[in-house]
Amino acid sequence: MVPPAPPQPKAAADFFPHRDLLGVAGLTEAQVNYLLDKAEIYAAQNRRVVKRTNLLEGRTLVNLFFEASTRTRTSFELAAKRLGADVINMSAEGSSIKKGETLIDTAMTLNAMHPDVLVVRHQDSGAVALLSKKVDCAVINAGDGSHEHPTQALLDALTIRRRKGKIAGLHVAICGDIVHSRVARSNIQLLHIMGAHVRVVAPPTLLPAAAANLGVEVHHDMRRGLRDVDIVMMLRLQSERMQGSFVPSVREYFHFYGLDYEKLGYAKPDAMVMHPGPMNRGVEIDTEIADDISRSAIAEQVEMGVAVRMAVLDALSARLPNFAPMNAQ
Ligand code: NCD
């Protein structure tokens, strides 16, 4: 009798069967673990003297940013360059967008130049998904309005997993401006996929009307909301998305919702503090806590950002247009 054929190793495209990364919604726990495991390898590689490999040699990534960014844009640029790709940076300032060109016209123009990956940040929720339908290349959402910011949630998950050894079963409090935050939305979904318990802590004015539908515990009081949590994730007050006044004053906001050592004392003694940046010191977070390396993982979040974006580019590379591995026969 002929023995059954041994199981074939799965191709990368089977593990991560997506052309784009538009959000964390729709990812499975196995796909998230696949990305985080890859990112661990890149995190180690990023601490070596020579950080460059040639996985994306000859490929072009375009960073298309309609909103300001420091760490996300640089992080994608570094990630792509460390994989050997060429990178073009475009921002709304200094492009034809300022002359009135629409999002779709910009996308079509870029598409005609055959980029392999477009990384897009836009002020409108849904804009990146719309754009992805008009182009042939892979599209990564680098933040759309208050909707999603998938690579931020992935880098946060990686930071948590490295510091705490796991994600499942942890209690995470996400605090501050939830209503305007794509970071909160992506994190809530991803943490749920990974089996963590999530609470949000915010004044009623900074919570979405349907906060209870997010499947989280809702608190308005920091002391109660932080009780016994493993992770305290602080968010920036997104004044650029606020029309009118959402908080009485910055001083009063810090008094009730800013993270200081007294409020942090309600969390577990080894609770870790996170913030996606950019931080408003003295508004949502006490400056000493932000710099306290025994509590704050903020610098590690930035470091993991590059590793996670390399992992995402690596995972998407299996489906890039006309992909032929360098060593294919
Ligand atoms: C966040 C963003 O742009 O959504 N920043 C980031 O990407 N690190 C959070 C923020 O702007 O407050």
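Okay, so let's go over this structure. Note that the coordinates shown come from a computational prediction; the quantities given were computed from them, not determined experimentally. (Residues numbered from 1 in each chain as written. Predicted model: local features only at pLDDT ≥ 70, side-chain atom pairs only at ≥ 80, totals over all residues. Heavy atoms only, no water.)

### Structural notes on the sheet that holds strand S6 (residues 197-201)
In step 1: In space, the 5 strands of this open sheet follow the order S7-S6-S5-S8-S9, with parallel pairing throughout. This sheet does not close on itself; its edge strands, each paired only once, are strand S7 (217-219) and strand S9 (272-274). Direction aside, neighbouring strands of the sheet carry axes that sit 20° apart on average.
In step 2: Of the pairings in the sheet, the one linking S6 to S7 comprises 3 bridges and is parallel in character. Following the sheet pairing, Val-200 is matched in S7 by Val-218. (Pairing = 2+ DSSP bridges. Helix = DSSP H or I, 4+ residues; strand = E, 2+ residues; numbered from the N terminus. Axes fitted to C-alpha atoms, helices over the stretch in contact; angles between N-to-C directions.)

### Observations concerning the site of the ligand
In step 1: Lining the immediate environment of the ligand, one finds Arg-71, Thr-72, Arg-121, His-149, Gln-152, Arg-182, Val-183, Arg-236, Gln-238, Pro-276, Gly-277 and Pro-278.
In step 2: Within the contact set of the ligand, a nitrogen atom lies 2.9 Å away from a backbone nitrogen or oxygen of Gly-277.
In step 3: For the ligand, whose unbound accessible area comes to 320 Å², protein coverage reaches 94%.
In step 4: Secondary structure elements with two or more residues in the shell around the ligand: helix H3 (71-82) and helix H7 (182-193). (Near = heavy atom within 4 Å. Polar contact = N/O pair within 3.5 Å; in protein donor to acceptor, adjacent residues only side chain to side chain. Areas by Shrake-Rupley, 256 points an atom, 1.4 Å probe, with all protein chains shown as cover.)

### What about the pairing of S6?
In step 1: Judged by how many residues are buried, S6 sits mostly within the fold: 4 of 5 residues are covered.
In step 2: By the bridge criterion, 5 bridges tie strand S5 (residues 171-175) to S6 in an arrangement that is parallel. Residue Ala-173 lies in a different strand from S6, and its bridge partner there is Arg-199.
In step 3: Crossover connection from S5 via H7 to parallel S6: handedness right-handed. (Buried < 20%, exposed > 50% of the residue type's maximum accessible area, 1.4 Å probe, protein only. Right-handed = clockwise from strand over helix to strand, strands pointing away.)

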